[in-house]
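Here's the letter readout for the chains.
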Amino acid sequence: MAFRPARSAIAMLPPLNLWRAEWRKTARRPLNQILLAGAVALLVAFFLCLAALGLAAPERFLASARALLPYPGNLAMVAQYAAILGWLSRRAPPAGDTWKMILPRYGSRVAFLLAKAGVGAVAIGLLLTCLLACGMLASGLGAALLQLPVSEPVTWTGVAERLLALASTALPMALYGAAALWATVATRSPLAGAMLSFFGLQTVALLAPLYGPLALVMPYPHLPNIVERWVFRDPETLQRVAREFGGPVSPWLSLLVIVGYCSILIDAAALIFHRRDMAGS
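Residues numbered from 1 in each chain as written. Predicted model: local features only at pLDDT ≥ 70, side-chain atom pairs only at ≥ 80, totals over all residues. Heavy atoms only, no water.

## With respect to the nonpolar core
The following threshold applies: By convention a nonpolar core is built from buried Ala, Val, Leu, Ile, Met, Phe, Trp, Tyr and Cys residues, the set being connected through side-chain atoms within 4.5 Å. Burial classes follow relative accessibility: with a 1.4 Å probe on protein chains only, a residue under 20% of its type's maximum area counts as buried, one over 50% as exposed, and anything between as partly exposed. For this analysis, residues touch if any pair of their heavy atoms sits within 4.5 Å.
Phe47, Leu69, Leu128, Leu131, Leu175, Val231 and Ile258 are the most contacted members of the largest nonpolar core, which has 49 residues in total. Non-local contacts of Phe47, meaning those with residues more than four positions away in its chain, are made with Leu68, Leu69, Asn74, Met77, Val78, Gly135, Ala138 and Ser139. Grouped together as the second largest cluster of nonpolar side chains are 11 residues, Phe112, Leu113, Ala115 and Leu181 included.

Now the structure itself:
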């Protein structure tokens, strides 16, 4: 059946039972449970160990504890930790032939891919929420044990700015997830999709200094522009990114570019998947 752009967007949305089935499959996968628990446990262990070291050897570790355990250092640390996880989370959607049993039941291939993409976005949000909640609890406990006051007054503007930094760390995960989804559908192979998305985006990143005016429409250096401006704030890296652009670029423009790439990749995957007949899938 040909793809119909005029088809109602509401009609193409996944039904509730498809959302539920996809979420159940994702939540029950042991690897996903291990990755979530491990990521949260490592962050909590870092804050608690830093507090313990500050108590045991204050002359060596109290300065670091004072910088990272109370607000706003703890929020900045959670964001930086999440950003590192984002760079490491470059993997394709899991393999498996369960979709061959699911598709005939629901009919819409686009709805099937939208459910996968939507559950992936929810999983990223859940990861960041768990990191924020557990990280703040652990760092707050450590700061209380060491009797460390906040480093600056707590204001809505300051908290919102640092939460924005944390939210921006989802962009590397989203970009690689969207690229992996498209590559997997295009090649009909999760392994080929993982390899193509990883090495393809790595090549795009490595060639960033050579783009010249094209840098404004490429995912790199827009992605490091966001992460460096809102999360790491390293002056040398920001200068390098500005040189690649030919001048300073607003992180909000970079955000629009990355979201645009994610949307294009997901739409392209849905178009390819929708046009394929069952025998050729």
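Past the structure itself, the notes keep going.
## Section: the packing of aromatic side chains
For any two aromatic rings, the description comes down to two numbers: the centre-to-centre distance and the angle of the planes. Operational definition: Two rings from Phe, Tyr or Trp (for Trp, the six-membered ring) form a pair when their centres are within 6.5 Å of each other. A pair whose planes differ by under 30 degrees is stacked, one over 60 is edge-to-face, and the rest are tilted. Helical segments are the DSSP runs of H or I of at least four residues, strand segments are the runs of E of at least two, and each set is numbered from the N terminus.
Applying the stated criterion to the full structure yields three aromatic pairs. With centroids separated by 5.0 Å and ring planes inclined at 70°, the aromatic side chains of Trp230 and Trp252 adopt a geometry described as edge-to-face. Highlighted residues: Trp230 in helix H10 (residues 219–232) and Trp252 in helix H12 (residues 251–275), separated in sequence by 22 residues.

## Here we look at the side chain of Thr184
To keep things clear, this is the line we draw: For this analysis, a polar contact is any N or O atom pair within 3.5 Å, provided that within protein one partner can donate a hydrogen and the other can accept it, and provided that sequence-adjacent residues contribute only side-chain to side-chain pairs.
Here Thr184 is to be found in helix H8 (residues 170–187). The class of Thr184 is buried, set by a relative accessible area of 14%. Polar side-chain contacts of Thr184 include one of 2.7 Å to the backbone oxygen of Ala180.

## Details of a nonpolar patch on the surface
Keep this limit in mind: Exposure above 30% relative accessible area and the lack of any salt bridge qualify a residue for a patch; like charges then connect within 9 Å, and the nonpolar side chains Val, Leu, Ile, Met, Phe, Trp and Tyr within 5 Å. For every accessible area listed, the method is Shrake-Rupley and the probe measures 1.4 Å; residues are considered covered only by the protein chains on display. A side-chain nitrogen of Lys or Arg and a carboxyl oxygen of Asp or Glu constitute a salt bridge if their distance falls within 4 Å.
Together, Leu48, Leu55, Leu141 and Leu145 make up a nonpolar patch on the protein surface, roughly 360 Å² of accessible area in all. Elements that contribute at least two residues to the nonpolar patch include exactly helix H2 (30–56) and helix H6 (109–146). Examined against the element boundaries, Leu55 turns out to sit in helix H2.

## Some remarks on helix H11 (residues 235–245)
Here is the rule we go by: Picture the helix axis, draw a direction to every C-beta atom, and the arc is the one those directions span.
Considered for burial, the residues of H11 that qualify are Thr237, Val241, Glu244 and Phe245. Projected down its long axis, H11 carries its buried residues within an arc of 100°, all on one side. Relative to its buried face, H11 has exposed residues pointing more than 90 degrees away, namely Pro235, Glu236 and Arg243. Positive backbone phi, approximately 90°, marks Gly246, located one or two places after H11.

## Points about the side chain of Ser197
Relative to the elements of secondary structure, Ser197 occurs in helix H9 (residues 190–206). For Ser197, a relative accessible area of 7% gives the class buried. A distance of 2.8 Å separates the side chain of Ser197 from the backbone oxygen of Gly193, its partner in a polar contact. Separated by 3.1 Å, the side chain of Ser197 and the backbone oxygen of Ala194 make a polar contact.

## What about the pattern of salt bridges?
Inspection of every chain in the model, using the stated rule, returns five salt bridges. A salt bridge links Arg240 to Glu244, with the nearest nitrogen and oxygen atoms 2.9 Å apart. Within this pair, Arg240 and its partner Glu244 are both found in helix H11, separated by four residues, close to a single helical turn. With relative accessibility at 34%, the residue Arg240 sits in the partly exposed group.

## Quick word on the environment of Leu171
Within the secondary structure layout, Leu171 lies in helix H8. Every residue in contact with Leu171, bar those within four places of it in the chain, is listed here: Leu223, Ile226, Leu255 and Ile258.

Fair warning: the whole summary comes from geometry, so function is off the table for now.
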